[in-house]
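Structure at a glance
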Amino acid sequence: MKVGLIGLGNMGSGMAASLLKAGHEVSVYNRTPGKAQALVAQGARHAVRVADACRGDAVITMLADDGAVEGFVFGEQGVISTLAKGAIHISSSTISVALAEEMTAAHADRGQRFVSAPVFGRPAAAAAAKLFIAAAGAPDAVEACMPLFDAIGQRTFRFGANPPDANLVKLSGNFLISSVIEALGEALALVGKAGLDQHRYVDFLTSTLFNAPVYKIYGSLIADKKFTPAGFAAPLGFKDNRLVLAAAEKLQVPLPLASLIYNRFLTLLARGGESLDWSAFSQLAAEDAGQESLPVRAA
Ligand SMILES: NC(=O)c1ccc[n+]([C@@H]2O[C@H](COP(=O)([O-])OP(=O)(O)OC[C@H]3O[C@@H](n4cnc5c(N)ncnc54)[C@H](OP(=O)(O)O)[C@@H]3O)[C@@H](O)[C@H]2O)c1
């Protein structure tokens, strides 16, 4: 397919490379243009403006947050004003349910198709075409996107015809991951203060009852205290925590754990942790126990 990709950060770069490997014709756009170079060397076309990435069958946005997506989608010469009728905007960023609702309506007004397709998996999974995709949109639109989803992911799960539903799935998934990070931080603080080997403990957990990728990935990151370079930066993790709380407020669903984690993020950021991986807030449980402090100031 002829596809544009807007946003060449940790995730978008790997996704663009996977699309090229699968044989798609890919135009790449990024605010900081230098990030397109490596992809151009792999066969991508460099889109100098957002509009240049919107000339194909579909355009994928993989940007940091609501503000970035709003700017490029609703801005002058943005996605809404330049995408052809019938072409598809695939929104893969983790954004608010409210913005997904706005984009659903705006694209429908223009006769364009819109699919929310946020992804699960860190940058290594993006580079290896191993993402999991949660997709929602009109069935014909989602079907048309399948060659692209197959190129970037290992499996696509469909969540119906209403695009914002996929965004809620993504936000609730990140809420669960952040809960695992908090729980692992507390459990590791406990066994660590008693002098037990944390790596052996994580190996035990993940070889028995907790044999799941999320415990394996975050268990070893936390036991290693490996929070740089950030695969998923703390400010982005905090953004997702605020977005799930906003969605929960609108639906009147209390999320006490998410509120606790909101304060963990605030503490992490107040101590200068913005360049660390989001999982660094796990260390605050050890600090509460009078153990080692965050490696934040030195980083
Ligand atoms: N990293 C993960 O593990 C992961 C996993 C699943 C989903 N996600 C989600 O995927 C999205 C991208 O994440 P990422 O880790 O790839 O982020 P990232 O490495 O920080 O990249 C962010 C991208 O957004 C652009 N951007 C940021 N602010 C902008 C603005 N105000 N105007 C225009 N462009 C702007 C950046 O452009 P520049 O290069 O010019 O800064 C870059 O292309 C986020 O919504 C994130 O929550 C991340």
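Data block above holds the structure.
The structure reproduced in this document is the subject of the present report. Everything quoted here is computed from the prediction, not taken from an experiment. (Residues numbered from 1 in each chain as written. Predicted model: local features only at pLDDT ≥ 70, side-chain atom pairs only at ≥ 80, totals over all residues. Heavy atoms only, no water.)

**Topic: the site of the ligand**
To keep it simple, the criterion reads: Whether a residue is near a molecule or strand is decided by its heavy atoms; if any one of them lies within 4 Å of it, the residue is near. For this analysis, a polar contact is any N or O atom pair within 3.5 Å, provided that within protein one partner can donate a hydrogen and the other can accept it, and provided that sequence-adjacent residues contribute only side-chain to side-chain pairs. The method behind every accessible area is Shrake-Rupley, applied with a 1.4 Å probe, and residues are considered shielded solely by the protein chains displayed.
N10, N30, T32, K35 and K239 are the nearest of the 26 residues found near the ligand. M11 places a polar main-chain atom, nitrogen or oxygen, 2.9 Å from an oxygen atom of the ligand. Note that an oxygen atom of the ligand is positioned 2.9 Å from one of the backbone N or O atoms of A64. Expressed as a share of its isolated accessible area of 900 Å², the protein-covered part of the ligand is 85%.

**A few points about the pairing of strand β5 (residues 88-91)**
Our working rule: To sort residues, take the accessible area from a 1.4 Å probe on protein chains only and compare it with the maximum for the residue type: under 20% means buried, over 50% means exposed, and anything in between is partly exposed. By definition, any uninterrupted DSSP run of H or I lasting at least four residues is a helix, any uninterrupted run of E lasting at least two residues is a strand, and each is numbered from the N terminus. The rule for pairing is simple: two strands pair if DSSP sees at least two bridges between them.
Side-chain alternation along β5 places I88 and I90 on one buried face and H89 and S91 on a second face that is also buried. Sheet topology places strand β4 (residues 58-61) next to β5; four bridges connect them, and they run parallel. Within the sheet, the bridge partner assigned to I60 lies in β5 and is I90. Where β5 meets strand β6 (residues 113-116), four bridges bridge the pair, whose relative direction is parallel. Across the sheet, residue H89 finds its bridge partner in β6, namely F114.

**So, the pairing of strand β8 (residues 131-135)**
Counting buried residues in β8 gives four out of five residues, a clear majority hidden from the surface. In this sheet, β8 lies alongside strand β7 (residues 119-120) in antiparallel orientation, the contact comprising two bridges. For F120, the partnering residue across the bridge sits in β8 and is F132. Bridge count between β8 and strand β9 (residues 153-158): five bridges; the pairing is parallel.

So far we have only geometry, and geometry alone does not tell us how the molecule works.
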